[in-house]
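# Chains, contacts and geometry: an overview
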Amino acid sequence: MKRIAMLLAFMTLCGILSAQSDTVVESTGLTIMGVLRGMLGMLVIIGIAWLISSNRKAVKWSMVAKGLGLQLVLALCILHIPFIQTVFEYVGRAFVKVLSFTEAGTEFLFSSMDTGVIESPLVNFAITILPTIIFFSALTSVLFYFGIIQKVVSILAKGMTKLMGLSGAESLAVAGNIFVGQTESPLMIKAYLDKMNRSEIMLVMAAGMATLAGGVLAVYIKVLGGGDPVQEILYAKHLLAASLMAAPGVVVVSKIIVPQTEPIEQNAEVGRERIGKNALDAISNGTTEGIRLAVNVAGMLLVFIAFIAMFNFICMKVGAWTGLNEIIANSTNGNYTELSLQFMLGYLFAPLVWLIGVAGPDIDLVGRVIGEKLIMTEFIGYVSLGDLKASGAFMHQKSIIMATYALSGFANVASIGIQLGGIGSLAPGKRVLLSQLGFRALVAGALASLLSATIIGMILG
């Protein structure tokens, strides 16, 4: 009971017990308090990375300053420079338009033979979201076949190599992860993996944890947009920005945790693996991979949500027997009605979420979705964020935007196993090293996403 009393005191201190509002408070822009909170959050994140560093004396603080500066410049440009805003909104509109093409195939497969339209009971997650994964997987494969992604990745990689002093191979991996997944990006540097040192392998793994692939990014646009084209364009812009900002952010965090102390090779060529013999073959391969991913996502969601329901049932019973349910319901203004996994995750991560600048009344909600991302998957986190947003649970628009950035990336426990299998199959000689760096890469990926969220929150005010 003493711990419960301390928790309630913390909730009161952070403003969680304040009165709920029927309207979401809009962001106010740069403020002194917002800047101070943002700086505190950045110091906390950098401090965590430094505390778990394998060689604190070898950290290159000039590189850290460059990375943070690049993230800050990107955030300012995206939020305040009209031309850059227009570019991101244009790309966001393009994403939304491409998303609409998926509907043609979906309607053909699932429309009624009598009415020619999808009957309302079938308009659900599986019908509206999963086909998007399949289509974007095929589209990405085609772009790979024609070398478009490789050219963009090569340009970005050269810039990162010159600006931040990275090796050519790890720059390619980081840039590639902006567009493709954590197992596909290493294919671009397959020829270099066996020769990479500990710090380089760490960055390859962490970059996969910190960024989003195009296919799932498209899904999250639909999840957060809720069917509203205006909202879809807004969140498309922020999700694209989150994946782009994560690149310098993960370099900063990764190079603090495992600093570069060995000579590096700054030249590297983009590999063109698994793209198909021709365009049709590329579409076929991409579709097959997309189907596998969609089935995996569906199965993962089914199992995780079922386990959450089972765990929450047990918690609810424990809460009823101990009287905790009533205490929780009376102390959280309706955000939680009983002891549950969501409640525990929300307040476990609440202190960290407050430190990075999330508004007091929303820290448990943002803490909850971050916790769901880390112990389950970012998919669960984004689905929860979409549900909370749709239900009007948040009091501040800034909190929703910051959560969008904080959830960006594949930093969850399952990704450690995915990378051990994926990267390990490409570089069998690095499997022991991959297993040693797995947890550190997860932490680096999560901290990089939080760093992006902190900087965006600081500018939003």
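One structure accompanies this document, and this report is about it. Quick caveat, the model's predicted, so the values are computed rather than measured. (Residues numbered from 1 in each chain as written. Predicted model: local features only at pLDDT ≥ 70, side-chain atom pairs only at ≥ 80, totals over all residues. Heavy atoms only, no water.)

### Things to note about the overall build of the protein chain
Across its full length, the protein chain holds 20 helices and zero strands. Counting every position in the protein chain, which comprises 461 residues, the buried fraction comes to 54%. (Helix = DSSP H or I, 4+ residues; strand = E, 2+ residues; numbered from the N terminus. Buried < 20%, exposed > 50% of the residue type's maximum accessible area, 1.4 Å probe, protein only.)

### Focus: the side chain of Ser171
Relative to the elements of secondary structure, Ser171 occurs in helix H8 (residues 168-177). Separated by 3.0 Å, the side chain of Ser171 and the backbone oxygen of Ser167 make a polar contact. Leaving out residues up to four positions away in the same chain, Ser171 has contacts with Ala157, Met160, Thr161 and Leu166. (Polar contact = N/O pair within 3.5 Å; in protein donor to acceptor, adjacent residues only side chain to side chain. Contact = heavy atoms within 4.5 Å.)

### What to know about the pattern of salt bridges
What the rule picks out here adds up to two salt bridges. Ionic pairing is found between Lys255 and Glu170, a salt bridge with its closest N-O pair at 3.0 Å. Placement of the pair is Lys255 in helix H11 (residues 229-257) and Glu170 in helix H8, with a sequence separation of 85 residues. Owing to a relative accessible area of 5%, Lys255 belongs among the buried residues under this scheme. Here Glu372 and Arg368 are joined by a salt bridge, their closest N and O atoms 3.4 Å apart. Taken as a pair, Glu372 and Arg368 lie in helix H16 (residues 363-375) at a separation of four residues, close to a single helical turn. (Salt bridge = Lys/Arg side-chain N within 4 Å of Asp/Glu carboxyl O.)

### Examining H11
Across its 29 residues, H11 extends 41 Å between first and last C-alpha, which sits within 8% of the 42 Å expected from 1.5 Å per residue. Maximum bend of H11: about 35°, positioned at Ala247, with proline Pro248 one to four residues after it. For H11, a buried count of 24 out of 29 residues is recorded, marking the element as mostly surrounded by other parts of the structure. Its side-chain oxygen 3.0 Å from the backbone nitrogen of Val230, Asp228 forms the N-cap of H11. (Expected span 1.5 Å × (residues − 1). Bend = angle between axes of the 7 residues up to and from the residue.)

### So, the nonpolar core
With 138 residues, the main nonpolar core has Phe379 and Leu385 as its most contacted residues. Top element by residues in this core is helix H20 (residues 431-460). It accounts for 18 residues. (Core = buried A, V, L, I, M, F, W, Y, C linked by side-chain atoms within 4.5 Å.)

### Digging into the side chain of Lys237
Looking at where Lys237 falls in the secondary structure, it is placed in helix H11. Not counting residues within four places of it along the chain, the set of residues in contact with Lys237 comprises Gln85, Phe88 and Glu89.

### Topic: a nonpolar patch on the surface
Residues Leu302, Val303, Phe307, Met310, Phe313, Ile314, Val318 and Trp321 make up a contiguous nonpolar surface patch of roughly 880 Å² in combined accessible area. One can find Phe313 in helix H12 (residues 279-322). Overall, the relative accessible area of 47% leaves Phe313 in the partly exposed class. (Patch = residues over 30% accessible without salt bridge, like charges linked within 9 Å, V, L, I, M, F, W, Y side chains within 5 Å. Areas by Shrake-Rupley, 256 points an atom, 1.4 Å probe, with all protein chains shown as cover.)

### Things to note about the environment of Ala448
Among the structural elements, Ala448 can be located in helix H20. Taking relative accessible area as the criterion, Ala448 reaches 0% and is therefore assigned buried. C-alpha separation for the pair Ala448 and Met209, spaced 239 residues apart in sequence, amounts to 9.1 Å. Apart from residues lying up to four places away in sequence, Ala448 is in contact with Gln71, Ala210, Gly249, Val250 and Val253.

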